[in-house]
Structures are given as structure tokens and as C-alpha cells.
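Commentary on secondary and tertiary structure
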Amino acid sequence: MIRGIQVIGVLVGIYLMLQTLVQWKRGNYGVRKTVLWLSLWTLIAILFAFPGLTSLALPILSMENTILMVVVVGLIVAYALVYETYQQAARAEKKLTELAQNIAIHDYFEKARGNPDEKDEER
Amino acid sequence: MKKTKSDRLIYVFIPACNEEEKVGKVIKGLDELKLNLKIHMIDDGSVDRTKKIARKAGAMVVEHPVNLGQWAALRTGFVISLIEGADVVVNIDADGQHDPRDLRRLVDPILNGEADIVIGSRFLDGDIPDMPKYRYIGIKTFNKMMEMITKKRLTDCLSGYKAYDMSMVKKILPYMKENQYGGLEFLIMALRHEAKVIEKPIKMKPNSKSHKGKLKFGYNLLRTVVKEYFA
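Fair warning: this is a prediction, and the values are worked out from it, not measured in the lab. (Residues numbered from 1 in each chain as written. Chains lettered and ligands numbered in written order. Predicted model: local features only at pLDDT ≥ 70, side-chain atom pairs only at ≥ 80, totals over all residues. Heavy atoms only, no water.)

1. Details of the overall build of chain B
Applicable threshold: Strands here mean DSSP runs of E at least two residues long; helices mean DSSP runs of H or I at least four residues long; both are numbered from the N terminus. This radius of gyration counts C-alpha atoms alone. The globule rule is 2.2 Å times how many residues there are, raised to the power 0.38. In this scheme, a residue with accessible area under 20% of its type's maximum is buried, one over 50% is exposed, and one in between is partly exposed, where area comes from a 1.4 Å probe on protein chains only.
Scanning chain B from N- to C-terminus turns up eight helices and seven strands. For chain B, the C-alpha radius of gyration of 16 Å lies close to 17 Å, the compact-globule estimate for 231 residues. The principal-axis extents of the C-alpha atoms in chain B amount to approximately 45 × 45 × 35 Å. Counting over 231 residues, chain B shows a buried share of 57%.

As C-alpha cells, then:
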């Protein structure tokens, strides 16, 4: 018998797959990122649809309890995602800093050359 | 043709964020030295009258569109100095903690070829400046870590009052990775390039507004030092 939570899990998985495809279509994701996310959401949807499959992984991971395995694997994936997000934020901060510095230097030399723009207005 | 001591261009950079009360005094203090200084205030995203006051006091203003931090401001200053051909760069705080009259003491060893970097030390004359205990312990800890990494004993590696010979900056800057907390990275790299780093005693007034010594600041400095240790 199919349980409600399975239906919700599969629907969420499909929704996230569609979201990933939308991001790919808009050019926000490259092929690698799209494949990675699609694989993850597909796997989640399949595991919700056929929860019995998780028991196949139990001996491989040397675990006895399915729920515990799902929680542990979920935590590992969550840690990986947090780390990836941290890396991305650090990269974005570095780029932003460089961009702001370049703007400041550009404006400084423009003003020194006698081309004050509207930014020169004193507050 | 080699420049004489008096021909050499000295650039002073004052990173400032919302320092309308003190920045004017600092610029005037520098002006009164009657040295051939080019004074720049790096406005690090101020929302008050800091820029206006700095311009009025006679400084050239460089504007960061957003707040990037003190090291990022100095880095901007370094780039400008390299493009404009400065010989010596001095970094001084905008909050009035540093005495502009100490500037000559920092610059002279560079002009005389005795040093590549001169650190204005708050501890060199034996006094303990008026600062919170945790900050004092933090500074001492970083001094020790620097000594472990570079074998150079310093009393105030975190001082914000430093003078740099631009030939050293030119060597180090392209290799620097840290954008916001690069003060110690720069010092470690310079010492690895066999730079002559010396300290001179300076006077410092306490400032309760200072952000230095806060947990995030300390963490980022530690991260930079650890990264450099394993580099």
C-alpha cells in the first residue's frame, strides 16, 4: 500500500527535478551541475517510491537500521551541501571585493583626470 | 636616475568607515608635519560625512562602494600607489588612535634604506597601552605565532600603523590571496622574501569604538596565519 508520505516525497522530488531543469534552461546551471542535482532528486524520488530499495544499501554501509541509515546519509549530504555553499559564498565575497576595489580605483583615476561623475556629489 | 631622499613620494592611506568625528583631525595632523605627503582617505562605505570632511581637510578620497574592511582598503591604496609610482606607503588609522607625529619615525628607516617595512609598535617602550585584556592577550598570541612561523620576534604584528617600501609591496602583492584580512599574510610573505622588518615605538590613544579584537576579526586573522603556515 502506498503511504501519503511516499506520494509527498515523490512529488517533491519531481518538483525539484523540474526546478533544476528550469535553472538549466535559463542558463544558471551548467551540464555538470544539472546532472548532479537531477541525479540527487531522481534518487530521492525513487527511494520514496520504493523504500524497500534502501535495505539493499544496508549491508554495503554495514548498518542495520534503515531509518538510521537514511538519517546518517542525509546528514553527510547536508554537510557536503553546507560546505559547498560556504565555498561559493567565499568565492562570491572575493569577487565582490575585487569588483568594488576596481570600481574605487577606476573612479579615483577618472576624478584625477577631471571627469567627476555624479558620484562625486557630497552627501 | 636615482631619486634623492627628499624626492621620494610618500603616500599616506587612511582607511575610514564612518569616522566623521576624527578623520579631519588626523588629516590636519599629517598636514602639519610639513612633509611631502600625498594623503589619501580610503572611504570604506561610510554613510556619514567622512568623505566630505576628508576632502575639506585636503585629502584625496578613494571610495569603496561598500564596506570591504581595513586590509582591502589598504590593498586599494597599494594598487593606486603602484600605478602612481609612490616610493613609500604609510597606513594610519582614521579613528585618531595613532599620532601623526610618529610618522617620520616610521618613514625615515625606509628612506635611509634600513628597512622594507616599519611597524609602529604600541608595546616597544615597555608600556602596556590602554586596551581590553582580551585584545592584549590576542596580540601577544599572534606575535608568538608569527615568531613560530617566521622566526622573527615582533612586539606588535597587528599594529595598524605601518610604513612599507613600495619595492617590497610590488614583490608581494601579486601573490597575495587574502582580500580582507591580509595584514598578517603580507607580513609573513615579506619575511619569507627576506624583507627587513623593524619596529619603532609609537603612542596610541584608546578607542572604545574599535572593531579590532572582536571574535570574527580574531578568527579571520587566525585562519590567515594557519593558512600561511601550511602554505
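2. Some details on the overall build of chain A
Our working rule: Contact definition: two residues touch when any of their heavy atoms are within 4.5 Å. Surface accessibility in these figures is a Shrake-Rupley result with a 1.4 Å probe; residues are shielded only by whichever protein chains are displayed. Asp and Glu count as negative and Lys and Arg as positive, but His and the ends of the chain are not part of the count. For this purpose, a charge sits on NZ of Lys, CZ of Arg, CG of Asp or CD of Glu.
Per the secondary structure count, chain A includes four helices and zero strands. Ordering the α and β elements of chain A from the N terminus gives α-α-α-α. A compact globule built from 123 residues should have a C-alpha radius of gyration of about 14 Å, whereas chain A, at 24 Å, is more than 25% larger. Each principal axis of the C-alpha distribution contributes one length, and for chain A these read about 75 × 30 × 30 Å. Looking at the 123 residues of chain A, the share that counts as buried comes to 18%. Partitioning the intrachain contacts of chain A with sequence separation of at least 6 by distance along the chain shows that 33% fall at a separation of at least 24. For chain A, the exposed surface amounts to about 9,400 Å²; the carbon and sulfur share of it is 68%. Averaged over its 12 positive side-chain charges, chain A has a centre that lies 13 Å from the centre of its 11 negative ones.

3. A word on the environment of Ile110(B)
Turning to its location among the elements, Ile110(B) is positioned in helix α4 (residues 103-111). The contact partners of Ile110(B), leaving out residues within four places of it in the chain, are Arg8(B), Val88(B), Ala115(B), Asp116(B), Val118(B), Ala163(B), Tyr164(B) and Asp165(B).

4. So, the confidence of the model for chain A
To be explicit about the condition: As a per-residue measure, pLDDT tells how confident the predictor is, with possible values from 0 to 100.
Of all residues in chain A, 91% attain a pLDDT of 70 or more, and the chain-wide mean is 88. Helix α1 (residues 4-25) of chain A holds the highest mean pLDDT among the elements of chain A, 94, whereas helix α3 (residues 54-57) of chain A holds the lowest, 84.

5. Details of the interface of chain B and chain A
Quoted interface sizes are often the accessible area lost when the parts come together. To keep things clear, this is the line we draw: We define buried area as the total accessible area lost by two parts upon association, computed with a 1.4 Å probe and summed across both. Put simply, a salt bridge is a Lys or Arg side-chain nitrogen that is within 4 Å of an Asp or Glu carboxyl oxygen.
Residue-level contacts link 24 residues of chain B with 17 residues of chain A. Between chain B and chain A, the buried area comes to about 1,800 Å², and carbon and sulfur atoms account for 55% of it. Of all residues in chain B, the largest losses of buried area upon contact with chain A belong to Arg55(B), Glu63(B) and Asn179(B), amounting jointly to 26% of the total for that side. Along the contact surface separating chain B from chain A lie one salt bridge. Between Lys111(A) and Glu63(B) there is a salt bridge, with the nearest N and O atoms lying 3.0 Å from each other.

6. Concerning the sheet that holds strand β1 (residues 10-16) of chain B
Residue and element names in this part refer to chain B. So the rule is basically this: The pairing criterion is simple: DSSP has to find at least two bridges between the two strands. For every element, the axis is a line fit to its C-alpha atoms; helices are fit only across the contacting stretch, and the angle between N-to-C directions ranges from 0 to 180 degrees.
The strand order across the open sheet built from seven strands is β3-β2-β1-β4-β6-β5-β7, with neighbouring strands paired in mixed fashion. In this open sheet, the two strands that pair with only one neighbour each are β3 (60-64) and β7 (197-201). Strand-to-strand, the axes of this sheet are offset by a mean angle of 20 degrees, without reference to chain direction. Sheet topology places strand β5 (residues 117-121) next to strand β6 (residues 162-165); three bridges connect them, and they run antiparallel. Looking at β6, one finds that Val 118 is bridged to Ala 163. Against the sheet, helix α3 (residues 70-84) makes contact with β1, β2 (37-44), β3, β4 (88-91) and β6, and its axis sits at roughly 155 degrees relative to β1, the strand it touches most.

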